[in-house]
Amino acid sequence: MSLFHDRTSRFCKVGKNNRITFVLRAAKDPSAKVFLCVFGEDENAGIEEYKMECTHSTERFSYYECTPFIANSLIRYFFRVENEFATIYYNALGASFEQIGRGDFEFDPNFHTPDWAKGAVMYQIMVDRFANGDTSNDVLTEEYAYIGAGVARIDDWYKIPAVDGTREFYGGDLQGVIDKLGYLKDLGVEVIYFNPLFVSPSNHKYDTQDYDYIDPHIGKIVNDGGGMLTYGEGSNDRAERYRKRTTDLANLEASNQLFIELVERAHKKGIKVVIDGVFNHCGSFNKWLDREGIYRGNKDYKPGAYVDANSPYNSYFKFMENKWPDNYTYEGWWGFDTLPKLNYEESPELCEYILNVARKWVSPPFNADGWRLDVAADLGHSEEFNHEFWKRFRDAVKSANPDAIILAEHYGNANSWLKGDQWDSVMNYDAFMDPVTWFLTGVDKHSDNANRDMIGNAGAFAHTMNEQLALMQNESLFVAMNELSNHDHSRFLTRTNKRTGRIGTVGGKAASEGIDYNIFRQAVVMQMTLPGAPTIYYGDEAGLCGWTDPDNRRTYPWGRENGDLIAFHKKVIRIHKRYRVLKEGSYMTLNVDKDLLCYGRFHNSSGAVVAINTSDESKHIRIPVWRLGVPKKSYGKVIETKVDKYFVAESTKDATKTYVVGGNLEISVPAHGSVVFKSL
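A quick note: this is a predicted structure, and the numbers were derived from the prediction, not measured. (Residues numbered from 1 in each chain as written. Predicted model: local features only at pLDDT ≥ 70, side-chain atom pairs only at ≥ 80, totals over all residues. Heavy atoms only, no water.)

S.K.: Which parts of the structure should I look at to understand the overall build of the chain?
M.R.: The number of helices and strands found in the chain is 14 helices and 32 strands. Against the globule reference of 26 Å for 680 residues, the chain gives a C-alpha radius of gyration of 27 Å, in line with a compact fold. By principal-axis analysis of the C-alpha atoms, the chain measures approximately 85 × 60 × 45 Å. The proportion of buried residues among the 680 residues of the chain is 62%. In the structure as shown, the chain presents an accessible area of about 25300 Å², 48% of it carried by carbon and sulfur atoms. Positive and negative side-chain charges in the chain, numbering 79 and 93 respectively, have mean positions lying 7 Å apart. (Helix = DSSP H or I, 4+ residues; strand = E, 2+ residues; numbered from the N terminus. Rg over C-alpha atoms; globule rule 2.2 N^0.38 Å. Buried < 20%, exposed > 50% of the residue type's maximum accessible area, 1.4 Å probe, protein only. Areas by Shrake-Rupley, 256 points an atom, 1.4 Å probe, with all protein chains shown as cover. Lys, Arg positive; Asp, Glu negative; His and termini not counted. Charge placed at Lys NZ, Arg CZ, Asp CG, Glu CD.)

Here it is as structure tokens:
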């Protein structure tokens, strides 16, 4: 396809006073007339057309430009191209003989995401399962009760999590992360994304107990002691040890100080730190509610809303009935009474408190580099309020730290949050994890459903990418978290066995049976070459397997790592970081065939092509690199994976050179392999 436009700086040039020069690439045709068609601010304002002038041409293409004055900041537009034979409409979904009414480009010149995050290599850590650097802060067996039964410390680091593993603690902590910063730096990590760190009774910490402090169980315990529960005791009335550990201000301040130290050490190594914000709901242990009685009688804390009708936090929750004390009629998220939903609409005090939390952790002395927002679309009780709150949240974060990132968990179309006034981007399920998983394994991201017809279905992959990329401005796209695995879905290496199952149905051992490292290497190549920020879930690089939650939360296998996979990750990460085109280049599908996918990235005078072969036979293909608009005479092979082997060039000097003939690159792609070529 000769028509091309995206929202990169090459095709949307922002000048003085945010005036935008729009650029459209088209086939060289002296008879062509090109128009930029811009929608008004509302549905009744109509469409304004601007004629575009041809500014220069190459052997194959002409480039058309115009710099209109447009009052509205968020611009929605498409192009119309006329010649003597036809009229063609072109938008983010491609070219059509009709104006299709969806998929129009959106661009806001005021929308900027942090440059450090564009294409950055991120690393997700669930702290309890990464590394134990301080055994003195470990959760103790029967220290307290969680969801009606006592918690347990797991002494065997390599034990597979139980089916109901919410009460199991392995002892990972922030000191363990500090101890492993050298490993992360050597791997090539540029950003750590932490699952929640604040005080919480669970191992995953998505039920916050106190937003103001790091949990001493992963931080520092300087004042310890107090009674423990007896086996089988389901109440926390006598959980004195837990009460002291999590409410003593000396422990809390020491834990915050350890976080400050971690961020300082990470920053010295050039590693940013993003933390998890769970603001839709909190936990039943939370000091504002205090259903468990952890804070009762403590002079350092005010009465919780569960206990006292006159609590200053009463408006923070939505109570259905007047049943104090011990009012259990509060609203729970999805009905879970352990996850009280926060009642923002009826509590300006709560709104301001959370906005202060948002500012606090990205400001000195903590200096986190951004937030990942849990179930962000669920916050509040209406879509209108949800958008209003996230606008205020963005203002709060960016005013405190303009270079901070705001990433959200979201499934489905996030376009209404990604217009430049709310989130920066999302965990990239729709334009990465889902299409890559189906294309390479034929199972879904939970390993719950299988469809073998999806394996190698390059047409479906290309269609999905086209649809999903149309929904994001490039500022969002280049910082989207491209994960193969995470704490909510099965490990990708397990998905390569192309089986369905969960730990409760087929057992933990089955997660490692029939896995295919060739498919995994193909996935890593795609992770490092598709648009977005490649995000490694801790242990993926070391060969960790696991079905979906809780099995995906196994401990990092220190001493039992797959060294070859780690070495492969290091090398491919270096390729990703070396070439800017893989971080900020435009994206284009080039070849689509049964069991064969080829796509390109291009940026100014640099191009890269990636080909993935899911079949049992080597494929010889002709790649139309001329479509990238990068007039290079040769490309060098910088990555090749094949059955049980791989090659990664240390530099372009080591790359196998292939010449471009007639605008095409003729190459072979190994069976169950992948290749990456970079323009020379």
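There's more to say after this.
S.K.: I keep staring at the packing of helix α5 (residues 348-361) against helix α6 (residues 383-400) and nothing clicks. Help me out?
M.R.: Packed helix pairs are specified by the crossing angle of their axes together with the interaxial distance, meaning the distance between the axes. The N-to-C vectors of α5 and α6 enclose an angle of 40°; their axes lie 8 Å apart at closest approach. The handedness of the crossing between α5 and α6 comes out as right-handed. From α5, C351, E352, I354, L355, A358 and R359 reach across to α6, where they touch F385, F389, R392, F393, A396, V397 and A400. (Axes fitted to C-alpha atoms, helices over the stretch in contact; angles between N-to-C directions. Left-handed = near helix turned anticlockwise from the far one by under 90°. Contact = heavy atoms within 4.5 Å.)

S.K.: Looking at this structure, how should I read the pairing of strand β10 (residues 122-125)?
M.R.: If a strand is regular, its side chains alternate between the two faces of the sheet. Residues M122 and Q124 point to one face of β10 and Y123 and I125 to the other, with burial holding for every one of them. Pairing between β10 and strand β23 (residues 533-537): three bridges, direction parallel. Looking at the pairing, Q124 lines up with Y537 of β23. With four bridges connecting them, β10 and strand β15 (residues 191-194) associate as parallel partners. (Pairing = 2+ DSSP bridges.)

S.K.: Would you mind showing me how to read the nonpolar core here?
M.R.: A general feature of soluble globular proteins is that nonpolar side chains tend to end up buried together. Residues Y123, F259, F279, W371, F393 and W423 are the most contacted members of the largest nonpolar core, which totals 148 residues. Setting aside anything within four residues of it in sequence, one finds F259 in contact with L174, L197, I214, V273, I275, W361, F366 and A368. Counting residues in each nonpolar core, the second largest holds 48 residues, with V23, A470, F602 and V660 among its members. (Core = buried A, V, L, I, M, F, W, Y, C linked by side-chain atoms within 4.5 Å.)

S.K.: Got a minute to help me understand the environment of E240 in this structure?
M.R.: On the secondary structure map, E240 appears in helix α3 (residues 240-247). Distance in space between the C-alpha atoms of E240 and N195 is 27 Å, their sequence separation being 45 residues. When neighbours within four sequence positions are excluded, E240 is seen to be in contact with G225, G226 and G227.

S.K.: So what exactly am I meant to see when it comes to the layout of surface pockets here?
M.R.: One simple way to see leftover space: roll a probe sized like a water molecule over the atoms. By volume, the largest pocket amounts to about 690 Å³. Lining the largest pocket are 28 residues, with Y206, W333, D488, D549 and R553 sitting closest to its centre. Each residue belonging to the lining of the largest pocket can be placed in one class, and the counts come to 12 nonpolar, eight polar and eight charged. Its boundaries defined by the atoms lining it, the second largest pocket holds a volume of some 530 Å³. Broken down by secondary-structure element, the contributors of at least two residues to the lining of the second largest pocket are β7 (87-91), α8 (458-469), α9 (474-477) and β24 (586-593). Sorting elements by how many residues they give to the lining of the second largest pocket places α8 first, with five residues. (1 Å grid on protein atoms, 1.4 Å probe; cavity = no way out; pocket = protein on both sides within 12 Å on 5 of 7 lines; lining within 4 Å. Points joined across faces, edges and corners; volume = space filled by probe spheres on them. Nonpolar A, V, L, I, M, F, W, Y, C, P; charged D, E, K, R; others polar.)

S.K.: How should I be thinking about the sheet that holds strand β20 (residues 405-408) in this particular structure?
M.R.: Sheet strands associate in pairs through backbone hydrogen bonding, adopting either a parallel or an antiparallel arrangement. One open sheet holds the eight strands; their spatial order is β21-β20-β19-β18-β15-β10-β23-β22, and the pairing between them is parallel. In this open sheet, the two edge strands, each paired with only one partner strand, are β21 (425-426) and β22 (481-483). Across three bridges, the pairing between strand β18 (residues 272-277) and strand β19 (residues 370-373) is parallel. Across the sheet, residue D276 finds its bridge partner in β19, namely R372. Helix α4 (residues 249-268) rests against β15 and β18 of the sheet, and its axis sits at about 140° to β18.

S.K.: Teacher, can you tell me more about the packing of aromatic side chains here?
M.R.: Geometry of an aromatic ring pair is reported as the spacing of the ring centres plus the angle between the planes. All told, the structure shown has 57 aromatic pairs when counted by the stated rule. Relative to W371, the ring of F198 lies with its centre 6.4 Å away and its plane at 50°, an arrangement referred to as tilted. Of this pair, F198 sits in strand β16 (residues 198-199) while W371 sits in strand β19, and the two are 173 residues apart along the sequence. Seen in terms of ring centroids, F317 and F319 are 6.5 Å apart; in terms of plane orientation they differ by 70°. Their pairing is edge-to-face. (Phe/Tyr/Trp six-rings, centres within 6.5 Å; stacked < 30°, edge-to-face > 60°.)

S.K.: What exactly am I supposed to notice about the side chain of N203 here?
M.R.: Within the secondary structure, N203 is located in the loop between β16 and β17 (210-214). Exposure remark for N203: the relative accessible area of 6% places this residue in the buried category. A distance of 2.8 Å separates a polar side-chain atom of N203 from the backbone oxygen of G165. The residues touching N203, leaving out its near neighbours within four places in the chain, are M126, D128, R129, G165, T166, R167, E168 and F169. (Polar contact = N/O pair within 3.5 Å; in protein donor to acceptor, adjacent residues only side chain to side chain.)

S.K.: Mind showing me how you'd approach the pairing of β15 here?
M.R.: Of the two faces of β15, the one holding V191 and Y193 and the one holding I192 and F194 are both buried throughout. Where β15 lies against β18, three bridges are found, and the strand directions are parallel. Paired with V191 across the strands is K272, a residue of β18.

S.K.: Looking at this model, I keep getting lost on helix α13 (residues 563-578). Mind explaining?
M.R.: Residues lying three or four places apart along an α-helix face the same way, a consequence of the helix completing one turn every 3.6 residues. End to end, α13 covers 23 Å across 16 residues, agreeing with the expected 22 Å (1.5 Å per residue, within 8%). For α13, the complete set of buried residues consists of L565, I566, F568, H569, V572, I573, I575 and H576. Looking at the packing, one finds that the buried side of α13 touches α2 (181-187), α12 (517-527), β23, α14 (581-584), β28 (634-642) and β29 (645-648). In this structure N562 caps α13, since a side-chain oxygen of it lies 3.2 Å from the backbone nitrogen of D564. (Expected span 1.5 Å × (residues − 1).)

S.K.: Please explain the pattern of salt bridges as it appears in this structure.
M.R.: Pairing between side chains of opposite charge can happen when the charged atoms of each approach one another. Following the criterion strictly, the structure yields 52 salt bridges and no others. The salt bridge partner of K13 is E65, with a shortest N-O separation of 3.3 Å. With K13 in strand β1 (residues 12-14) and E65 in strand β5 (residues 61-66), the pair connects residues that are 52 residues apart, well separated along the chain. The salt bridge involving R359 is made with E352; its shortest N-O contact spans 3.3 Å. Exposure remark for E352: the relative accessible area of 34% places this residue in the partly exposed category. Here the residues in one salt-bridge network are E143, D224, R241 and R245, joined through shared partners. (Salt bridge = Lys/Arg side-chain N within 4 Å of Asp/Glu carboxyl O.)

S.K.: What should I look at first to understand unusual backbone geometry in this one?
M.R.: Negative phi characterises most residues that are not glycine, and trans characterises most peptide bonds. A cis amide bond links P364 to the next residue, P365, at an omega of 5°. Mapped onto the fold, P365 is located in the loop between α5 and β19. A cis amide bond links D549 with the next residue in sequence, P550, at an omega value of 10°. Relative to the assigned elements, P550 resides in the loop between β23 and α13. Located in the positive-phi region is S447, a residue other than glycine, with phi close to 60°. Its location among the elements puts S447 in the loop between α7 (429-441) and α8.

Read these as geometric descriptors, not functional statements.
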